[in-house]
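# Observations on chain architecture
Okay, here's what each chain looks like letter by letter:
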Amino acid sequence: MNYIVLDLEWNQSPDGKEQETLQIPFEILQIGAVKLDRDLNLIDQFCERIRPVVYPEIHYKIQEILQLAPEDYQNAREFPQVAKDFFSWCGPYSYFCTWGPSDLTELQRNLKYHGMKSPFSFPLFFYDIQKIFSIVYEDRKKRRNLEFAVDYLGIPKDQHFHDALSDAYYTGMIMKHIRKRDILKNYSIDYYQHPKKSGEEIYVIYETYSKYISAEFDNRIAAMQNRSLTQIPCYLCHQNTVQEIPWFVGSSKSYYCLSRCKEHGYLRGKIRFKKSENGKIFCIRTVKQISSENACKISEMQRTIREKKRLKRREETMVTHKFHSV
Ligand SMILES: [Zn+2]
C-alpha cells in the first residue's frame with residue numbers, strides 16, 4: 001500500500017464566471033504527484049502538463065502564479081491520456097494525500113467531464129495534510145498555505161512553489177514530520193462522491209467529534225424533518241441524549257443544537273448544508289463534546305439571533321406602517 005501525494009494546477013475561464021462551462025469550472029493543466037512507501041519514504045514521482053481544451057487561453061492570474069508560457073501547454077497531451085497514465089502509475093491500492101480538499105474534487109470533475117470512469121471508490125477516504133498540519137501544530141481550525149508549513153517545519157525551500165510536482169513534493173516532506181498515526185487517524189472524507197440515497201449515509205467517529213454525511217434532500221426543510229439527521233446519539237457511549245436547545249439557524253447559516261448525555265455532558269450539534277451538482281442538497285452534521293462554558297455560548301448565540309430577528313421584524317412593521325400612513 002503506497003501513499004500518493006497529489007497536487008494539481010488548473011485554469012479557469014479567462015472571461016469570468018459568466019463564460020465558464022458549469023460542469024468544469026477548473027480545467028486541470030498539470031498533474032504532479034510523489035509516491036511514498038508505507039514508511040513515508042519517497043519512492044517515485046509523476047509529473048505531466050495537460051493541453052487545455054475547454055479554456056485554451058490561460059487566465060492572466062493563473063499565468064502569473066504558474067509563471068509558464070502558453071507554449072508550455074501547446075505540445076502537451078490532453079487530459080484523458082495523461083489521467084489514464086497517472087492512474088496506472090498510482091497502482092490499484094493507494095491512499096491519496098493532498099494539501100486541502102479541492103484537488104480530489106476537481107480531479108473527479110475533470111474525469112466526469114471527459115466521460116472517464118472514476119477509479120475512486122465510495123466513500124473516498126483521503127488525507128488532507130493541510131487540515132492535519134492544523135490539528136497537529138495549530139488550533140485545528142486555521143488553514144495555512146503550503147509555504148507557511150514548509151517554513152514552520154524548517155524544510156529547505158529548494159524548489160518553486162505553485163508547480164504541481166514541487167507542491168506534491170513539499171506536501172510529502174511535511175508528512176515526514178508528522179507521526180504516521182496522527183495522519184492515519186485524521187482521515188478526511190471526499191464530499192464530491194457524497195451519499196445519494198437513504199442507506200448510503202456515512203457516519204464516522206473521530207477522537208474529539210463525530211461526523212455524519214446525509215443522503216440528498218430537495219431542500220433544507222426536508223432535511224430538517226429527517227430524524228436520522230436531527231436526532232443525535234452520544235458518539236462516545238452511543239446512548240440517546242436529551243435535547244436542551246433544539247436546532248436553530250446560527251451564524252453562517254449553519255444549524256446548531258445543544259444536547260446532553262447522562263454520562264458525557266454537553267454535546268454540540270452542527271449541521272452545514274452543501275449543494276449537490278444536481279441542484280439538491282446534502283448535510284454534514286458534526287457532534288462534539290463541549291464544556292458547560294461553551295454550552296452557555298450556544299444559548300447566548302440563540303438569544304442574540306432571536307433578538308436580531310425580533311428587531312428586524314419590528315423595523316419591517318414600522319416601514320409598512322409608514323408606507324400606509326403616506
Ligand atoms: Zn455519552
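The shown structure was predicted, so the numbers you read here are calculated from the model rather than taken from an experiment. (Residues numbered from 1 in each chain as written. Predicted model: local features only at pLDDT ≥ 70, side-chain atom pairs only at ≥ 80, totals over all residues.)

## Remarks on the pairing of strand S11 (residues 265-275)
Put simply, the rule reads: One requirement defines pairing of two strands: DSSP has to find at least two bridges between them. A helix here means a DSSP run of H or I that spans at least four residues, while a strand means a run of E at least two residues long, and both kinds are numbered starting from the N terminus.
As defined by bridge partners, strand S10 (residues 255-261) adjoins S11 across 7 bridges and the pair is classed as antiparallel. Pairing of Leu258 across the sheet is with Arg268, part of S11. Hairpin geometry of S10 and S11 is characterised by an intervening segment of 3 residues between the two adjacent antiparallel strands. Judged from the 9 bridges that link them, S11 and strand S12 (residues 281-289) form a sheet pairing that is antiparallel. Opposite Arg268, over in S12, you have Lys288 as the bridge partner. The loop that links S11 with its antiparallel partner S12 comprises 5 residues; one of these, Gly279, has a positive phi angle of about 90°.

## A look at the domain arrangement of the protein chain
Stated formally: Here the limits of each domain have been adopted from an automatic or database domain assignment.
Examined at the domain level, the protein chain breaks down into domain 1 (2-189) and domain 2 (202-309). Measuring from the centre of the C-alpha atoms in domain 1 to the corresponding centre in domain 2 gives 32 Å.

## Side note on the nonpolar core
What counts, and what does not: Put simply, a nonpolar core is a cluster of buried Ala, Val, Leu, Ile, Met, Phe, Trp, Tyr and Cys residues tied together by C-beta atoms within 7 Å. Partly exposed residues are those whose C-beta has more than 12 but fewer than 20 other C-beta atoms within 10 Å; with 20 or more the residue is buried, with 12 or fewer it is exposed, and the C-beta atoms are placed from the backbone. Whether two residues are in contact is decided by their C-beta atoms, placed from the backbone, lying within 7 Å.
Core analysis: the biggest nonpolar cluster contains 37 residues, and Val5, Ile28, Cys97, Ile129 and Ala168 have the highest contact counts within it. When residues of this core are traced back to their parent elements, those giving at least two are strand S1 (2-11), strand S2 (27-36), helix H3 (79-90), strand S4 (94-98), helix H4 (102-113), helix H5 (129-137), helix H6 (146-152) and helix H7 (164-177). Look past the residues within four positions of Ile129 in its chain and what remains in contact with it is Cys97, Thr98, Trp99, Thr171, Ile174 and Met175. One finds Cys257, Leu258, Cys261 and Leu267 within the second-largest nonpolar core, a separate group that totals 10 residues.

## A word on the sheet that holds strand S7 (residues 202-205)
For clarity, the threshold we go by: Here an axis means a line fitted to C-alpha atoms, over the contact stretch when the element is a helix, while the angle between two N-to-C directions is reported on a 0 to 180 degree scale.
Within the open sheet, the 6 strands sit side by side as S7-S8-S12-S11-S10-S9. Their pairing is antiparallel. One side of each edge strand has no neighbouring strand; the edge strands of this open sheet are S7 and strand S9 (242-249). The sheet shows a mean angle of 15° between the axes of neighbouring strands, direction not considered. Bridge analysis of S7 against strand S8 (residues 209-213) gives 4 bridges, and the strand direction is antiparallel. What sits directly across from Val204, in S8, is Lys211.

## As for H3
For clarity, the threshold we go by: To estimate the expected span of a helix, subtract one from its residue number and multiply by 1.5 Å. Directions from the helix axis toward the C-beta atoms define the arc.
Over its 12 residues, H3 runs 16 Å from end to end, which matches the ideal 16 Å to within 8%, given 1.5 Å per residue. Within H3, the full set of buried residues consists of Phe79, Ala83 and Phe86. What you see down the axis of H3 is that its buried residues fit within an arc of 60°, all on one side. Buried residues along H3 sit in contact with S2, strand S3 (42-49) and H4.

## Comments concerning unusual backbone geometry
Note the cis peptide between Phe122 and Pro123, where omega equals -10°. In this fold, Pro123 is placed in the loop between H4 and strand S5 (125-128). The phi angle at His162 is positive, at roughly 65°, despite the residue not being glycine. Inspection of the secondary structure puts His162 in the loop between H6 and H7. You will see that His238, though not glycine, has its phi angle at about 65°, which is positive. One can find His238 in the loop between helix H10 (227-230) and S9.

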